[in-house]
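# Examination of the molecular architecture
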Amino acid sequence: MGSSTLVPVLGQSGKPERYIAIRADITSKKKTEAKNEYMALHDALTGLPNRRFMAEKLNLAISRKENESGHGAVMLIDLDNFKEVNDMLGHGVGDELLMQTATRLSSILRKTDTVVRFGGDEFVLILNHLDAERDVAVKDVKNIGTSIQAELTVPYLLGGQQLEVTPSIGVALFNSEKDEPENLLKKADIALYAAKEAGRNQLTIFSPLLQDKALERALLVQDLRQAQDKDELILFYQPIIDSEKRIKGVEALLRWVHPIHGMVSPEKFIPLAEENGLIVPIGELVLEMACKQLAKWQHDDIQKTLTMAVNISVRQLNQPNFVEMVKRVVARTGIHASSLTLEITESIFQRDVNSAITKINSLREEGIKFSLDDFGTGYSSLTYLKQLPIDYLKIDKSFVNDILEDKSSAAIAVAIIALAKSLELKIVAEGIEDHQQLDWLLANGCDFFQGYLFSRPLHPNNLQLTLETKA
Ligand SMILES: Nc1nc2c(ncn2[C@@H]2O[C@@H]3COP(=O)(O)O[C@H]4[C@@H](O)[C@H](n5cnc6c(=O)[nH]c(N)nc65)O[C@@H]4COP(=O)(O)O[C@H]3[C@H]2O)c(=O)[nH]1
């Protein structure tokens, strides 16, 4: 490829007599320009169009809809647990997973659609030419979603091992009523959040109801940020009983007394606090309040041997200064370290288990105990369980609830008890609501018991009385 420039050679009259053509070869310049343009619009890892390219495509798709009937859709796809793959198997494997996902998505794409690497483990599909009837368009989108789920859940072969991944999908539909690309993406993101919340590996289509929920959540988070300063976070305590029916200790359970909504359940606000990191300062406050309360009870002769169990979220445990923070609180409040139990959940298996083990070990050296909570409900890994330096295993209340009626729950409870015994762990059963459940758990070798049968979680003022009368 070349470009030519003509230079006139003037005669004596001052008019051009001849022309000299100067030709320059600009092939490589053009190639470089094309390459730069391609790179600016494509993702380097997967080769897919990138966010910038998407903005152009989406604008085009939206403006096309102004003159034609039918729907289009923005589909936001996120790989569940991608972060764990990256953390546990390394970034090389994570990159390989993204490349293979890109290939798989491209292979099932219709000619009229575009797939984009949106960033991280998120991909966007722009679907054009969906039906004008919303119900039919929704059906089409769900069918496409089902093929994506089928394609992406086929096990990946990565770094010599098989890996199963599931996608969560959020969708926003659009038609001739003009919508901004940013707004559509926000809607798809709200739908994606709902898909994750519904248990992952789901497809959710945006609706105004989801938007209301997102707003409600955002307002709750805003309030939660201030709850700590406004003393709205308090602790209730639930007794833990031994086989002689004596109170061995209590578990601290967080309560949020919201000025408008009243008592907000931790099941509602703890996950929110985990998402945005608020759990870290809140968790420290919980530990401080629980240890202060225990110190107060330990001054009383009757409750000297009382133990305190405190829930610790995986995000707290992952903080680099977690060990120092716990030691500091124990020292400041003056409790016996051996009377403190930290309750962790199986979700630590999803992250860097080795670093968690190191932290647990250094706190156990101080005398602090560890308990694995909600056992059997999540990502139980028997290999890790063997390595985990813990003292107690808690049987989740969902099994306890069913042990008398459901043979498989009873079988799982028996297996958990046998497993705990073989690992020399003490077993705590939680969620006991009647005497038959208690008798079954006693007969099957549980060591400690917790549940409404003995007491609901109570405000310390009410609990002290209970402790005194039972002791
Ligand atoms: N149906 C039934 N339920 C019973 C019974 N006995 C106890 N419970 C409830 O079961 C939950 C036990 O706590 P968890 O498994 O640690 O589950 C806790 C824990 O995962 C989390 N949570 C609570 N406080 C904290 C905290 O301070 N930090 C962190 N990270 N999580 C917390 O919130 C979850 C829910 O707490 P709560 O609503 O207080 O719910 C508590 C308790 O009130 C019973 O006999 N029947």
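Residues numbered from 1 in each chain as written. Predicted model: local features only at pLDDT ≥ 70, side-chain atom pairs only at ≥ 80, totals over all residues. Heavy atoms only, no water.

### Things to note about the overall build of the chain
Helix and strand counts for the chain come out as 17 helices and 18 strands. Relative to the compact-globule value of 23 Å for 471 residues, the chain shows a C-alpha radius of gyration of 30 Å, a clear excess of over 25%. Evaluated residue by residue, the chain yields a buried proportion of 47% over its 471 residues. As displayed, the chain offers around 24000 Å² of accessible surface, 51% of which is attributable to carbon and sulfur atoms. Charge-centre separation for the chain: the mean point of 53 positive side chains lies 5 Å from the mean point of 65 negative side chains. (Helix = DSSP H or I, 4+ residues; strand = E, 2+ residues; numbered from the N terminus. Rg over C-alpha atoms; globule rule 2.2 N^0.38 Å. Buried < 20%, exposed > 50% of the residue type's maximum accessible area, 1.4 Å probe, protein only. Areas by Shrake-Rupley, 256 points an atom, 1.4 Å probe, with all protein chains shown as cover. Lys, Arg positive; Asp, Glu negative; His and termini not counted. Charge placed at Lys NZ, Arg CZ, Asp CG, Glu CD.)

### A word on the pattern of salt bridges
Per the stated rule, a full pass over the model turns up 15 salt bridges. Across the salt bridge formed by Glu216 and Lys268, the nearest N and O atoms sit 3.6 Å from each other. Of the two residues, Glu216 is situated in helix α7 (residues 208-227) and Lys268 in helix α8 (residues 266-275); the sequence distance between them amounts to 52 residues. Judged by its relative accessible area of 44%, Glu216 falls in the partly exposed class. Note on Lys268: relative accessible area 46%, which makes it partly exposed. Salt bridges linked by common partners bring Glu251, Glu343, Lys394 and Glu430 together as one network. (Salt bridge = Lys/Arg side-chain N within 4 Å of Asp/Glu carboxyl O.)

### Section: the environment of Thr383
Assignment of secondary structure puts Thr383 in helix α13 (residues 382-387). On the accessibility criterion, Thr383 (54% relative accessible area) is exposed. With 98 residues separating them in the primary sequence, Thr383 and Leu285 have C-alpha atoms 33 Å apart.

### Examining the UniProt feature "domain: GGDEF" (unreviewed entry) in the chain
In this numbering, the UniProt entry assigns the feature "domain: GGDEF" (unreviewed entry) to residues 70-208. With 45% helix and 29% strand, residues 70-208 has its two end C-alpha atoms placed 20 Å apart. (UniProt positions renumbered as here; feature names shortened; annotations may be inferred.)

### Considering the nonpolar core
In terms of nonpolar packing, the biggest core is built from 79 residues, with Met308, Val310, Val326, Leu340 and Leu342 touching the most fellow members. When residues in this core are grouped by element, the largest group, nine residues, is from helix α9 (residues 279-299). Residues contacting Val310, with those up to four places away along its chain left out, are Ala252, Val286, Leu287, Ala290, Leu340, Thr341, Leu342 and Glu343. Counting 31 residues, the second largest nonpolar core, distinct from the first, contains Val115, Leu130, Leu163 and Leu173. (Core = buried A, V, L, I, M, F, W, Y, C linked by side-chain atoms within 4.5 Å. Contact = heavy atoms within 4.5 Å.)

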